[in-house]
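Structural features, examined
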Amino acid sequence: MDLAKEKFYRARIVWRKDIAADLWSIRVQPPAEFRFLPGQYATLGVLTADKHIERPYSIVSSPYESELEFFLELVPSGELTPALHGLGVGDELTMRKLAKGRFTLDREVRRNHLLVCTVTGVAPFISYIRTLYRDAQENRFPEGHRLYLLEGASRSWEFGYGEELRRIADEVSWLKYVPTVSRPWEDRNWTGEVGRVDDLIRKYTHLWELAPATTSTYLCGHPKMIENGHGILLRGGWTKEQMKEEIYFVPKARVPVST
Ligand SMILES: Cc1cc2nc3c(=O)[nH]c(=O)nc-3n(C[C@H](O)[C@H](O)[C@H](O)COP(=O)(O)OP(=O)(O)OC[C@H]3O[C@@H](n4cnc5c(N)ncnc54)[C@H](O)[C@@H]3O)c2cc1C
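Residues numbered from 1 in each chain as written. Predicted model: local features only at pLDDT ≥ 70, side-chain atom pairs only at ≥ 80, totals over all residues.

1. What to know about the sheet that holds strand β12 (residues 243-247)
With parallel pairing, the 6 strands of this open sheet are ordered in space as β10-β9-β8-β7-β11-β12. At either margin of the open sheet sits one strand with a lone partner, and together these are β10 (193-194) and β12. Bridge count between strand β9 (residues 175-181) and β10: 2 bridges; the pairing is parallel. Bridging from a neighbouring strand, Val181 pairs with Val194 of β10. Across the face of the sheet, helix α2 (residues 123-137) comes into contact with β7 (112-118), β8 (146-153), β9, β11 (215-221) and β12 while running at roughly 150° to β8. (Pairing = 2+ DSSP bridges. Helix = DSSP H or I, 4+ residues; strand = E, 2+ residues; numbered from the N terminus. Contact = placed C-beta atoms within 7 Å. Axes fitted to C-alpha atoms, helices over the stretch in contact; angles between N-to-C directions.)

Written as structure tokens, this is what we have:
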């Protein structure tokens, strides 16, 4: 396939960090300019002997960075991620030339932003935060905006960006960060918040005094978390227009067992 004539780049992996057995981050160097807004996704793919497999991936890095970063989860039964997991520094993957998505930070209407995610769903939020961090250093921070991030995982070693987030949250006044672990019995040294992230929405909106009139919400990652989080926010007075959602996959339909 002649990619040069197509809608794709070949992008080289220039960095890889393994975070857990099924989680890793990569940085790729696009061969030409790749424009995107924080929160958008790129379409990555691999070419096999008989087909081109592609999937969307939220961009972790900020547009201020020259390389594009992604946070990936291996789905052992999946079509693309086992192939992606096999790639290392120096290998190439395909990347569509255009970024897509509307999961961007709404800077116009409300100044508080409640960000809720599971595992790799933190990716677009890292892009928001890295961008705002740089904006703040260059006196371009949007006045009065505040980010409140609730991040869920089964165990603490799945927080691929936990250290970076903690460091920034300790340094700036505009970011609050609470990671939570849903399987503390498998993570004996964890001393932070426990429970599923959607179950903490009520507690933290109350604690942080986040009201629907002044707060936009963003849910990203696992479909079940988004469904539950959506319901909790609706019951808390938020409307659909104030909620952005990025659902990473559609769960396989359960095949009914006949007896
Ligand atoms: C806008 C958008 C952004 C995304 N960003 C990211 C990202 O930053 N990082 C990332 O890792 N993924 C992200 N995804 C998910 C990604 O696009 C793929 O769906 C995922 O990597 C699985 O691809 P696959 O080809 O290996 O599995 P598939 O062959 O597509 O799926 C096989 C089966 O596994 C199920 N499945 C898919 N993903 C999961 C999962 N995570 N957990 C459990 N079951 C699953 C599917 O429902 C399907 O039944 C994003 C999805 C969307 C829509």
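2. Some details on the pairing of strand β3 (residues 41-47)
Where a strand is regular, its side chains alternate between the two sheet faces. As paired strands, β3 and strand β4 (residues 52-58) are joined by 7 bridges and run antiparallel to one another. In the sheet register, Leu44 faces β4, and the bridge partner there is Arg55. The turn linking β3 back onto β4 is made up of 4 residues. Of the pairings in the sheet, the one linking β3 to strand β6 (residues 92-96) comprises 2 bridges and is antiparallel in character. Each bridged residue has a counterpart across the sheet, and for Leu44 the counterpart in β6 is Met95.

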